[in-house]
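# Understanding the architecture of this molecule
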Amino acid sequence: MKVEVDTSDLERLRSQPQVVLRDLDRAVLDATQRGMDQAAFSVPRGGAPNDPLDLADTAFVSLPHHNAQRMSTTATGGYAHPQAGPIHAGWHFGEQTKNPPPNWLRNAFKRGVRSLLRKGVAAQLKKSLAKLFPQK
């Protein structure tokens, strides 16, 4: 089977990675926030007997981090607590986290977040392509 793929649009987008990665910020943040919203239903409530900090109160979502060399962007969401940790949405780069997220957080990011991210990225790439290279 022979398949031909037109990669000209992809090459044009890769010629201006900073603009395209900045355009993808909203899609990456939306996916991360949705995962955190879904995790809020599963997060254990109440602290340990000797732990005054409640796990549910330590939730965070970071701004996307761009890596121009690898042309990637990643937003991080999670819980700043030793019993949990972060999880990433976007294009991953760098080393994996040493403290993997618990199953309830990982499962929250699997439920619809991946498809939301894929759809958001696809729509934004089309918009970026039209903005950067308008039809003549």
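Please read all numbers here as calculations on a predicted model, not as lab measurements.

What follows deals with the confidence of the model for the protein. When pLDDT drops low, the exact placement of atoms in the prediction is not to be read closely. Considering every residue of the protein, the mean pLDDT works out to 77; 76% of them sit at 70 or more. Within the model, pLDDT remains below 50 along residues 91-97, and this stretch shows 14 contacts once partners closer than five positions in the same chain are excluded.

All right, on to the environment of Arg12 then. With respect to the element layout, Arg12 can be found in helix H1 (residues 8-14). As a C-alpha pair, Arg12 and Phe133 span 121 residues in sequence and 8.2 Å in three-dimensional space.

For the rest of this paragraph, the subject is the pattern of salt bridges. Here the structure, examined in full by the defined rule, presents two salt bridges. Lys131 serves as the salt-bridge partner of Asp23, at 3.1 Å between the closest nitrogen and oxygen. Linking Asp23 in helix H2 (residues 17-23) with Lys131 in helix H5 (residues 113-132), this pair joins segments that are 108 residues apart in sequence. Given the relative accessible area of 51%, Lys131 is considered exposed. The salt bridge involving Asp30 is made with Arg26; its shortest N-O contact spans 3.0 Å. One end of the pair is Asp30 and the other is Arg26, both in helix H3 (residues 25-39) and four residues apart, which spans about a single turn.

Moving on, we come to the packing of H3 against H5. In contact at an axis separation of 9 Å, H3 and H5 are set at 165 degrees when each is read in the N-to-C sense. As judged from the angle between their axes, H3 and H5 are roughly antiparallel. In terms of crossing hand, the pair formed by H3 and H5 is right-handed. The residues of H5 that touch H3, namely those facing Ala27, Val28, Asp30, Ala31, Arg34, Gly35 and Gln38, are Val113, Leu116, Leu117, Gly120 and Val121. Residues belonging to the contact of H3 with H5 are distributed by class as follows: seven nonpolar, three polar and two charged.

Calculation rules
Residues numbered from 1 in each chain as written. Predicted model: local features only at pLDDT ≥ 70, side-chain atom pairs only at ≥ 80, totals over all residues. Heavy atoms only, no water. pLDDT = per-residue confidence, 0-100. Contact = heavy atoms within 4.5 Å. Helix = DSSP H or I, 4+ residues; strand = E, 2+ residues; numbered from the N terminus. Salt bridge = Lys/Arg side-chain N within 4 Å of Asp/Glu carboxyl O. Buried < 20%, exposed > 50% of the residue type's maximum accessible area, 1.4 Å probe, protein only. Axes fitted to C-alpha atoms, helices over the stretch in contact; angles between N-to-C directions. Parallel < 35°, antiparallel > 145°, perpendicular 65-115°, else oblique. Left-handed = near helix turned anticlockwise from the far one by under 90°. Nonpolar A, V, L, I, M, F, W, Y, C, P; charged D, E, K, R; others polar.

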